[in-house]
Amino acid sequence: MSDEVRVRFAPSPTGYLHIGGARTAIYNWLFAKKHNGKFILRIEDTDKERSTEDSIKGIIDGLTWLGLDWDEGPYFQSAHIEEHKQAAQKLIELGWAYKCFCTKEELDAKREQAKKEKRPFKYDKTCRNLTPEEIAEKEKAGLPYCIRFKVPEEDGVISFDDVVYGKIERRFKDIEDFVIVRSDGSPLYLLSNAVDDIRDKITHVIRGQDGLANTPKQLLIYKALGAKIPVFAHMPLTLDLKKRKISKRTHGEVVSVQFYREHGFIPWALVNFLVLLGWHGPDDKEIYSLEELIEAFSLEGIGRANSIFNYRPGDPKFFTDPKALSINAHYLRNLPIEEIASYVKQEFLREGLWNPAYEGEKRKWFLETLDLIRTRYHTLKDFVNLGRAYFSDEYPFDPKAVKKNILKHPELAKWLPELAEKLEELEQFTLENTEEVIRNFAEEKQIKAGIIINGIRTVVTGQSVGPGLFDVLVAIGKDRVVKRLKATPSLFEQKDLQ
RNA sequence: GGUCCCAUCGUCUAGCGGUCUAGGACGCCGGCCUCUCACGCCGGAAACAGGGGUUCGAGUCCCCUUGGGACCGCCA
């Protein structure tokens with residue numbers, strides 16, 4: 001099938017997968033899914049100075065974690081260097097390229113001079129018109145040369161229709177004779193990328209807007225090589241609050257996909273957030289299932305303005321873009337509980353909180369408990385931190401909660417153990433029974449039920465906030481509740497909490 | 001500096017000449033619910049960068065200004 005859609009994600013492995021790259025991958029992946037096409041992963045590892053094995057692994061791990069599966073690859077650009085060189089050779093033979101013997105020093109000097117005279121620098125084509133004899137002579141002398149593309153000198157333009165930016169035109173005279181092969185014989189990105197896309201039969205190039213400016217040059221290569229030109233779709237960039245392009249160097253871990261994995265994000269929630277950064281569906285829908293997103297996705301929904309990743313370093317409440325957190329929280333409380341359970345299991349295993357019975361005789365209890373506590377959580381980490389008391393007898397006490405709900409009422413040291421005795425006598429530890437006992441107890445002591453209730457919550461969960469108390473008690477269970485309530489006086493002894 | 005791109009609430013965005021006293025989402029504020037905190041529900045504050053045109057009519061089309069971004073490497 002010659003009209004099959006083929007797209008690719010072609011990262012250079014010079015660092016971890018960051019959210020900008022992930023977004024590009026997501027758009028390509030969705031486009032392929034939408035059109036029953038192929039999504040190809042190609043690692044552009046020809047910059048040996050900066051490419052690392054770790055980066056390659058990081059990119060693959062990141063894509064895998066996000067669930068972005070590829071149909072072909074990973075291919076490696078470095079495996080095709082010979083092919084790129086041959087393409088350059090062919091361009092020379094066809095008269096579309098020439099050998100340039102200018103040295104880097106000469107060019108730097110000219111560049112410097114141009115800068116001094118405040119005039120734009122463009123290669124002056126010194127070597128474009130060398131005679132075959134001159135070339136042979138220089139080659140015989142062993143002078144190194146790079147290969148430059150011969151940009152047409154006529155008064156024309158090269159133009160293309162970008163799916164998101166519309167018609168883009170560039171005058172030939174504004175394009176310099178760019179280098180396609182270095183003097184050490186190695187091909188440059190502009191060439192390699194085009195040759196690879198031609199070989200991989202890429203039909204749609206979906207990439208960042210930073211590629212927009214060199215698309216005309218690549219178009220020239222496509223044409224010179226007689227290749228079919230793919231459809232181009234450039235997507236706006238993701239900027240920080242100061243409108244700087246996001247990068248590892250300036251933003252650190254918060255822009256890496258790995259960061260979200262380590263901070264309790266559900267992969268699909270991140271995908272959902274990222275896809276919304278610069279894209280809008282046909283209606284006001286913002287939360288999408290995979291099927292819905294594939295159905296709704298189109299290149300036409302991509303906006304033209306750069307979008308800002310709304311993350312404020314040092315914000316105590318939001319460690320990343322609030323909307324990302326909000327979408328994650330949404331999935332946390334709306335996904336089928338079984339799915340949440342499998343994510344929580346991973347977290348528990350890491351923390352040593354996992355109990356195999358959660359998949360056996362305690363399965364029902366486990367799911368019900370997760371369902372009880374999940375509505376107020378934002379990340380998977382909250383299950384092991386805020387929710388620890390439900391799964392372990394070793395749980396932290398929030399000092400503020402202890403101060404407010406326990407220490408303020410010294411009588412609790414006496415009351416709660418007394419209440420524990422009453423609860424212990426219950427045959428059926430149910431919502432109704434526990435509520436009855438506790439409310440009666442409050443009445444008997446002539447205090448507001450709220451004081452007792454909040455006190456108990458703090459003692460048995462370590463926190464001042466959480467689900468309705470009686471649900472909490474039933475979830476934690478009679479034995480553990482009684483034991484914890486009896487230990488209330490010990491909270492008064494921990495001076496460091498006061 | 002040269003070439004190109006962009007411009008609606010704090011942020012992500014809807015809007016493709018009249019239905020815009022500009023809609024949704026996140027965040028923020030207030031209320032309801034209530035044993036707390038969330039969830040949920042209800043309500044609120046919050047934007048068409050500025051100036052010229054075109055038109056009966058402009059957020060929507062054109063121009064200029066301003067602001068922002070990208071590219072300008074023998075990096076990818």
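It should be noted that the structure appears before, not after, this text.
Small disclaimer: the values here were computed from a predicted structure and weren't measured. (Residues numbered from 1 in each chain as written. Chains lettered and ligands numbered in written order. Predicted model: local features only at pLDDT ≥ 70, side-chain atom pairs only at ≥ 80, totals over all residues. Heavy atoms only, no water.)

Participant: For the packing of aromatic side chains, give the residues involved together with the corresponding values.
Facilitator: With the rule as written, the count across this model stands at 24 aromatic pairs. Taking the centre distance of 5.7 Å and the plane angle of 20° together, the rings of W96 and F149 count as stacked. With W96 in the loop between α3 (81-93) and β4 (97-100) and F149 in strand β5 (residues 146-149), the pair connects residues that are 53 residues apart, well separated along the chain. What makes W96 partly exposed here is its relative accessible area of 31%. Between F160 and F232, the ring centres sit 5.7 Å apart and the planes meet at 65°, which makes this aromatic pair edge-to-face. One end of the pair, F160, is in strand β6 (residues 157-162); the other, F232, is in strand β10 (residues 231-235), with 72 residues separating them in the sequence. Taking NZ or CZ as reference, R148 lies 3.6 Å from the ring centre of Y123, over its face. Above the plane of the ring of Y288 lies K285, whose end atom (NZ or CZ) is 5.7 Å from the centre. (Phe/Tyr/Trp six-rings, centres within 6.5 Å; stacked < 30°, edge-to-face > 60°. Helix = DSSP H or I, 4+ residues; strand = E, 2+ residues; numbered from the N terminus. Buried < 20%, exposed > 50% of the residue type's maximum accessible area, 1.4 Å probe, protein only. Lys NZ or Arg CZ within 6 Å of the ring centre and 35° of its normal.)

Participant: Before we move on, can you summarise the nonpolar core with the specific residues and values?
Facilitator: If you look at the biggest cluster of nonpolar residues, it comprises 111 residues, and the most contacted ones within it are W279, F348, F366, F383 and I456. When residues of this core are assigned to their parent elements, the largest contribution, 9 residues, is made by helix α1 (residues 19-34). Apart from residues no more than four positions distant in its own chain, F383 is found in contact with L332, I340, V344, F348, L370, I373, R374, Y377, R388 and F391. Of all hydrophobic cores here, the second largest spans 30 residues; its members include F178, L190, A224 and L225. (Core = buried A, V, L, I, M, F, W, Y, C linked by side-chain atoms within 4.5 Å. Contact = heavy atoms within 4.5 Å.)

Participant: Give me the lowdown on the layout of surface pockets, citing residues and values where you can.
Facilitator: Considering only enclosed or pocket space, the largest pocket measures out at about 1300 Å³ in volume. Looking at the lining of the largest pocket, the elements with two or more residues in it are β1 (6-9), α1, α6 (189-199) and β9 (204-208). Residue contributions to the lining of the largest pocket peak at 4 residues, all from α1. Shared between two domains, the lining of the largest pocket holds at least three residues of each, these being domain 1 (6-70 + 238-324) and domain 2 (80-191). (1 Å grid on protein atoms, 1.4 Å probe; cavity = no way out; pocket = protein on both sides within 12 Å on 5 of 7 lines; lining within 4 Å. Points joined across faces, edges and corners; volume = space filled by probe spheres on them. Domains from an automatic or database assignment.)

Participant: Which residues make up the sheet that holds β1, and what values go with them?
Facilitator: Judged by pairing direction, the sheet is parallel, and its 3 strands sit side by side in the order β1-β2-β3 without closing on themselves. Looking at which strands have only one partner, the edges of the open sheet turn out to be β1 and β3 (72-76). Each adjacent strand pair in this sheet contributes to an overall mean axis angle of 25°, direction not counted. In the sheet, strand β2 (residues 38-43) pairs with β3 via 3 bridges, with the strands oriented parallel. Bridge pairing in β3 links R42 to Y75. α1 rests against β1 and β2 of the sheet, and its axis sits at about 165° to β1. Contacts between helix α2 (residues 53-66) and the sheet are confined to β1, β2 and β3, with β2 contributing the most and set at about 160° to the helix. (Pairing = 2+ DSSP bridges. Axes fitted to C-alpha atoms, helices over the stretch in contact; angles between N-to-C directions.)

Participant: Describe the protein's contact with RNA strand B, with residues and values.
Facilitator: Taken together, 61 residues lie around RNA strand B, and R182, G278, K317, R376 and I453 are the ones closest in. When the atoms of RNA strand B within 4 Å of the protein are sorted by group, sugar and phosphate make up 74%. Within the contact set of RNA strand B, a sugar or linking oxygen lies 3.1 Å away from a side-chain nitrogen or oxygen of N454. Between S464 and RNA strand B, the recorded distance is 3.3 Å, taken from a backbone N or O atom to a base oxygen. Here the residues of the surface near RNA strand B sort into 21 nonpolar, 17 polar and 23 charged. (Near = heavy atom within 4 Å. Polar contact = N/O pair within 3.5 Å; in protein donor to acceptor, adjacent residues only side chain to side chain. Nonpolar A, V, L, I, M, F, W, Y, C, P; charged D, E, K, R; others polar.)

Participant: Lay out the state of the cysteines with the relevant residues and their values.
Facilitator: Each disulfide is one covalent bond, formed between the sulfur atoms of two cysteines. All told, the structure shown has 0 disulfides when counted by the stated rule. The cysteine C146 is free of any disulfide, with C100 supplying the nearest cysteine sulfur at 4.2 Å. Accessibility expressed as a relative area gives 10% for C146, which makes it buried. (Disulfide = S-S within 2.5 Å.)

Participant: Outline helix α12 (residues 322-334), supporting the account with residue identities and numerical values.
Facilitator: The end-to-end C-alpha separation of α12 is 18 Å, in line with the 18 Å expected for 13 residues at 1.5 Å each. Among all positions of α12, only A324, L325, I327, N328, A329, Y331 and L332 are buried. Residues of α12 that are buried sit in contact with α10 (267-276), α13 (337-351) and α15 (381-384). Sitting at the head of α12, D321 places a side-chain oxygen 2.9 Å from the backbone nitrogen of K323. (Expected span 1.5 Å × (residues − 1).)

Participant: Explain the packing of helix α20 (residues 449-461) against helix α22 (residues 478-486) to me, using residue names and the numbers behind them.
Facilitator: At a minimum axis distance of 9 Å, the contact between α20 and α22 shows a crossing angle of 105°. In terms of orientation, α20 lies roughly perpendicular with respect to α22. Counting all contacts with α20, which are made through I456, V459 and V460, the residues of α22 involved are V481, R484 and L485. Residue classes in the contact of α20 with α22 are distributed as 5 nonpolar, no polar and 1 charged. (Parallel < 35°, antiparallel > 145°, perpendicular 65-115°, else oblique.)

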